[in-house]
Amino acid sequence: MSSTPVRPQKTAMLLAQRIVGDINRRGNTVGDRLPPERIMLEDYEVGRGTLRESLRFLESQGVISLKPGPGGGPVVQHPDATSLATSLTLLLQFADAPFRTIAEARSGLEPMLAQARGRVSCPTSRLAALEASVDNMHDHLDDQTVLQEESRRFHHVIAHGCGNPILGYLVDALLGILDDSAIGVDHHEVRRSAVHQAHLAIYEAIARRDPSASAAAMQDHVHQHLRYAEEKFPDVLSAPVVWGNGS
């Protein structure tokens, strides 16, 4: 039986892995500058083109930023879910997947995360962040921009408090792709009030450490959101995911 040969990794990609390994080994943190180009060329024994390709790749992944001019160079950053969202968007685009698939994935994933968050005592800082988000949404129910910002913050805090980083970043990526304001889902005032009440119910269940109620409240919230979009904006959910077009 024949098998597809494994394509060897490019030298630039292997070098990128070495650079990240050295960042970890040195204990570099956000804002630290990496060695200048001439030192890196000597240390890694590669050509200038290979080094610059590696650094551009790491910049695109959010691992570093490249500061121009004298005293510039690569500076360590903390990657977020942006590159993951881009990769998922491209995969979904080439699979001809509609936005509905992302909403359905959230419906299965987020109740589980809320249940996990409600199972253990939530740190004071995270509870305070959830409460502040709920309160700010309530105080700005006339502003859809605030609704979108606080919705993302609320779900981000829950996802990253479940104890599983990969699930947290996955939710961030899904929220980044399924951005209601970008894809054209509008929320009238009654709907904005319903979203606020849903967030309040989720927060209160988590605060009293009730995993079943936390999961149920989140499940109702994401299902209501999907049903609202299905009723009011079916064409949006049926539209294919396209990179750079509202995602």
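Preceding this section is the structure that the text describes.
Quick look at the structure, then. Treat the numbers as computed from the prediction; the structure is a model and nothing was measured.

What counts as what
- Residues numbered from 1 in each chain as written.
- Predicted model: local features only at pLDDT ≥ 70, side-chain atom pairs only at ≥ 80, totals over all residues.
- Heavy atoms only, no water.
- Helix = DSSP H or I, 4+ residues; strand = E, 2+ residues; numbered from the N terminus.
- Contact = heavy atoms within 4.5 Å.
- Lys, Arg positive; Asp, Glu negative; His and termini not counted.
- Charge placed at Lys NZ, Arg CZ, Asp CG, Glu CD.
- Phe/Tyr/Trp six-rings, centres within 6.5 Å; stacked < 30°, edge-to-face > 60°.
- Lys NZ or Arg CZ within 6 Å of the ring centre and 35° of its normal.
- Axes fitted to C-alpha atoms, helices over the stretch in contact; angles between N-to-C directions.
- Left-handed = near helix turned anticlockwise from the far one by under 90°.
- Nonpolar A, V, L, I, M, F, W, Y, C, P; charged D, E, K, R; others polar.
- Buried < 20%, exposed > 50% of the residue type's maximum accessible area, 1.4 Å probe, protein only.
- Salt bridge = Lys/Arg side-chain N within 4 Å of Asp/Glu carboxyl O.
- Polar contact = N/O pair within 3.5 Å; in protein donor to acceptor, adjacent residues only side chain to side chain.
- Expected span 1.5 Å × (residues − 1).

What about the overall build of the chain?
Part 1: Summing up its helical and strand segments, the chain has 12 helices and two strands in all.
Part 2: Traced from its N-terminal end to its C-terminal end, the chain shows the element sequence α-α-α-β-β-α-α-α-α-α-α-α-α-α.
Part 3: Structurally, the chain occupies a C-alpha span of about 60 × 45 × 45 Å along its principal axes.
Part 4: The contacts of the chain with a sequence gap of at least 6 include a subset with a gap of at least 24, amounting to 73%.
Part 5: Charge centroids of the chain, computed over 24 positive and 30 negative side chains, lie 8 Å from each other.

Digging into the packing of aromatic side chains
Part 1: The full count for this structure, using the stated rule, is one aromatic pair.
Part 2: The cationic tip of R191 hangs over the ring face of Y228; the distance from NZ or CZ to the ring centre is 5.2 Å.

A closer look at the environment of T124
Part 1: Here T124 shows up in helix α6 (residues 124–139).
Part 2: Once the C-alpha coordinates of T124 and A215 are considered, the two residues, 91 residues apart in sequence, prove to be 20 Å apart.

Here we look at the packing of helix α5 (residues 100–119) against helix α8 (residues 165–177)
Part 1: Two elements in contact, α5 and α8, have axes separated by 11 Å at closest approach and are oriented at 145°. For α5 against α8, the interelement crossing comes out left-handed. Where α5 abuts α8, its residues I102, A105, R106, L109, E110, M112 and L113 lie against L167, L170, V171, L174, L175 and I177.
Part 2: In the contact of α5 with α8, the residues fall into 11 nonpolar, no polar and two charged.

Overview of the side chain of R117
Part 1: As for its position among the elements, R117 is in helix α5.
Part 2: Among buried charged residues, R117 stands out as having no salt bridge; its nearest opposite-charge side chain is E110, 13 Å away.
Part 3: Polar contacts involving the side chain of R117 include one to the main-chain carbonyl oxygen of G161, which spans 2.3 Å.
Part 4: Excluding anything up to four places from it in sequence, R117 contacts C122, P123, R126, I158, G161, C162 and I206.

A look at the pattern of salt bridges
Part 1: Counting across every chain of the model gives eight salt bridges.
Part 2: Across the pair R25 and D22 runs a salt bridge whose closest N-O atoms are separated by 3.3 Å. Taken together, the residues span about one helical turn, with R25 and D22 both in helix α1 (residues 11–26) at a distance of three residues.
Part 3: R25 gets classed as exposed once you look at its relative accessible area, which sits at 61%.
Part 4: A salt bridge links R153 to E150; its shortest N-O distance comes to 2.9 Å. Separated by three residues within a single helix, R153 and E150 lie in helix α7 (residues 144–159), roughly one turn from each other.
Part 5: The network of salt bridges with common partners includes E37, R48 and R52.

Structural notes on α7
Part 1: Spanning 16 residues, α7 covers 22 Å between terminal C-alpha atoms, matching the ideal 22 Å at 1.5 Å per step.
Part 2: Within α7, burial applies to Q144, V146, L147, Q148, E150, S151, F154, H155, V157, I158 and A159.

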